[in-house]
Amino acid sequence: MESTESIILGAGLAGLSAGYHLQSRARVLERENRVGGLVKTINFNGYWFDHVLHLLHFQSFPIQDTILDLLGTDIHPIDPEAWVETREGTSRYPLQMNLKGQSLEAIEATIADLKLAIDRTPKLEPNNFEEMLEFSFGRYFCDLFMYPYNRKVWKRPLKDLAPSGFQWNIDHPDLEQVIEGSVAENTTFIPYNSNGWYPRPPADSPIRGMEVLAKTLGDKVDTVDLEHEVISLSLKDQTVVCNTPDGEQIYHYDQSLLSTIPLPTLIQITSDLPQQYRDMGKLLKANRVISVMISIKGPRPQGKGHWRYYGEESIVFTRLVYLHNFDPLLSPPDGWGLLVEITEPSEWPMQTEEAIYERVVADLEQVDAIPEDCTIVDQNMLVVSPAYVVFTNDSKVAVQALKDYYASHNVSLLGRYGQWEYSSMAQVMNDGFQWAMSQEKS
Ligand SMILES: Cc1cc2nc3c(=O)[nH]c(=O)nc-3n(C[C@H](O)[C@H](O)[C@H](O)COP(=O)(O)OP(=O)(O)OC[C@H]3O[C@@H](n4cnc5c(N)ncnc54)[C@H](O)[C@@H]3O)c2cc1C
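Every value quoted in this text rests on a predicted model; they were computed, and no experiment measured them.

Procedures and definitions
Residues numbered from 1 in each chain as written. Predicted model: local features only at pLDDT ≥ 70, side-chain atom pairs only at ≥ 80, totals over all residues. Heavy atoms only, no water. Salt bridge = Lys/Arg side-chain N within 4 Å of Asp/Glu carboxyl O. Helix = DSSP H or I, 4+ residues; strand = E, 2+ residues; numbered from the N terminus. Buried < 20%, exposed > 50% of the residue type's maximum accessible area, 1.4 Å probe, protein only. Arc of directions from axis to C-beta. Contact = heavy atoms within 4.5 Å. Polar contact = N/O pair within 3.5 Å; in protein donor to acceptor, adjacent residues only side chain to side chain. Near = heavy atom within 4 Å. Areas by Shrake-Rupley, 256 points an atom, 1.4 Å probe, with all protein chains shown as cover. Nonpolar A, V, L, I, M, F, W, Y, C, P; charged D, E, K, R; others polar.

**Student:** Just give me the short version of the pattern of salt bridges, but keep the residues and values in it.
**Tutor:** For the coordinates displayed, the defined rule picks out 21 salt bridges. We note a salt bridge from Lys115 to Asp119, for which the minimum N-O separation is 3.1 Å. Taken as a pair, Lys115 and Asp119 lie in helix H3 (residues 104–119) at a separation of four residues, close to a single helical turn. For the salt bridge of Glu130 with Lys159, the shortest nitrogen-to-oxygen distance reads 2.9 Å. Within this pair, whereas Glu130 is found in helix H4 (residues 129–137), its partner Lys159 is found in the loop between helix H5 (139–154) and helix H6 (175–183), the two being separated by 29 residues in sequence. Exposure remark for Glu130: the relative accessible area of 21% places this residue in the partly exposed category.

See the structure below:
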């Protein structure tokens, strides 16, 4: 049995960031044969696809300089252009700040209902996500976009979701800005993901896409054991057991364990977790993302932006991502890649791949996404699960209780799925760095 000061479960961005700081004081154990977790990019015959839409944005996280320095000239600033399609028109994202493009009737009704919501006294405290949306945006805008879009993303009653905790990226409307954005391009509002970054390595780079970030970070980590699937954790003995190509291996941690693997998996593999905490795992639900990767031959469409949201529930996908606008070398010069995002509860039975492709192609036609002079030459699919953590009032309480219990046994939970949260790449990297710094001090 090998011993080390700290063990880190998972080599996604959260685990890699912690390992980068701790260097030889930590060993990272990863199930897959390459690092990155969700932040990987696949190449299908010259067409590169990120597993999901990935734009790096730092908001106010202090790690920006460290990450940009690491990536050097490979990273490129992106001013993202995103669009929203509703039954009433096409507008810039976020729709509430950019109503120009919607019908006059929709603009007037949105502003009237928003004013009612803002002026409402006494102020009401929302009990659930559906109420939070209505109290923030007014009824008309909810019916136009927020309800149908979120019903499509969650495919669960919006009344069952928590009123807060996972909506940091929903911009709350300010009446003046809404009015400004209804007549002209909104110049004063800055969305959370403006000033993004995306890798654009040289043409002969063996990897492209956002995986460049994961690979660059991974190369700086002292010990990452790939193809090490953690199958058991003993809190009492401070040991983990891994399945590896050479059989089972046992590792001991002297000081701390950091888990960035999905919390339901951790619960399952913890051999000495009391039943009451095991039961809490049943409250943790998630949605999966089916990423359909379409390789297209023909001229690259202009004016589509980086991605587009589709509010109508009759369209199966939530977003279309135009990858060539992130990096022109993500596809051959005479083609382009379209990433199609579909979300559904992870517990639903999967449809066949053929049924999904058929529906996607039909709906791409419906929204006029493939111009007449373009041809689909390949289609592939990847299922990411968990992708979106489902927040309910009960799950919030359960996650906190689990975090506290594990912490009392020198186990920290981190990362988007490790601590069952809705976080960005910058946030999980920042958390990884912070956790490692707290270990350095102890
Ligand atoms: C649809 C979608 C779109 C997104 N868009 C953006 C965006 O535009 N910008 C942004 O900043 N963020 C975005 N994100 C969020 C971002 O992808 C995540 O915050 C980040 O990748 C999470 O990293 P992580 O290390 O916490 O988790 P993960 O990447 O999931 O890493 C966990 C690791 O644990 C490993 N593992 C699991 N089980 C075991 C086991 N038993 N043994 C060993 N290893 C195991 C996994 O293989 C994986 O490598 C998006 C996420 C989704 C789902």
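**Student:** If you had to explain H4 to someone new, which residues and values would you point to?
**Tutor:** Residues of H4 that are buried include every one of Phe129, Met132, Leu133, Ser136 and Phe137, and no others. For H4, the angular spread of buried residues about the axis comes to 95°, placing them on one side. Here the buried face of H4 lies against H3 and H5. Between the side-chain oxygen of the N-cap and the backbone nitrogen of Glu130 there are 3.1 Å, and the N-cap of H4 in question is Asn128. Where H4 ends, the next residue or the one after it, Gly138, has phi of about 85°, a positive value.

**Student:** Could you give me a rundown of the site of the ligand, with the residues and numbers involved?
**Tutor:** Close contacts around the ligand come from 36 residues, with Glu30, Leu53, His54, Leu55 and Met425 the closest. The contact in question runs from a nitrogen atom of the ligand to an N or O atom on the backbone of Leu55, over 2.8 Å. Ser424 places a polar main-chain atom, nitrogen or oxygen, 3.4 Å from an oxygen atom of the ligand. For the ligand, whose unbound accessible area comes to 1000 Å², protein coverage reaches 94%. When contributions to the shell around the ligand are tallied by element, the ones reaching two or more residues are helix H1 (13–22), strand S10 (229–234), strand S17 (375–389) and helix H12 (425–441). For the shell around the ligand, a count of residues per class yields 18 nonpolar, eleven polar and seven charged.

**Student:** Mind laying out helix H2 (residues 64–71), listing which residues take part and the relevant values?
**Tutor:** It helps to recall that an α-helix has 3.6 residues per turn; residues three or four apart then point in one direction. Within H2, burial applies to Ile67, Leu68 and Leu71. Along the long axis of H2, the arc covered by the buried residues comes to 95°, so they all point the same way. Turned more than 90 degrees away from the buried face of H2 sit Asp65 and Asp69, all of them exposed. Packing partners of the buried residues in H2 comprise strand S5 (75–78), strand S8 (196–199), helix H7 (211–218) and H12. Gly72 sits one or two residues past H2 and shows a positive phi near 55°.

**Student:** Any details on unusual backbone geometry? Residues and values, ideally.
**Tutor:** With an omega of -5°, the peptide bond running from Tyr93 to Pro94 counts as cis. Among the secondary structure elements, Pro94 is positioned in the loop between strand S7 (89–92) and H3. Residue Pro386 is bonded to the preceding Ser385 through a cis peptide linkage, with omega at 0°. Position of Pro386 relative to the elements: it lies in strand S17.

**Student:** I'd like a rundown of the environment of Pro199, residues and numbers included.
**Tutor:** With respect to the secondary-structure elements, Pro199 resides in strand S8. The class for Pro199 is buried, based on a relative accessible area of 0%. Along the chain, Pro199 and Ser232 lie 33 residues apart, while their C-alpha atoms are 36 Å from each other. Dropping the residues within four chain positions of it, Pro199 is found in contact with Asp74, Ile75, Gly209, Met210, Val212 and Asp327.

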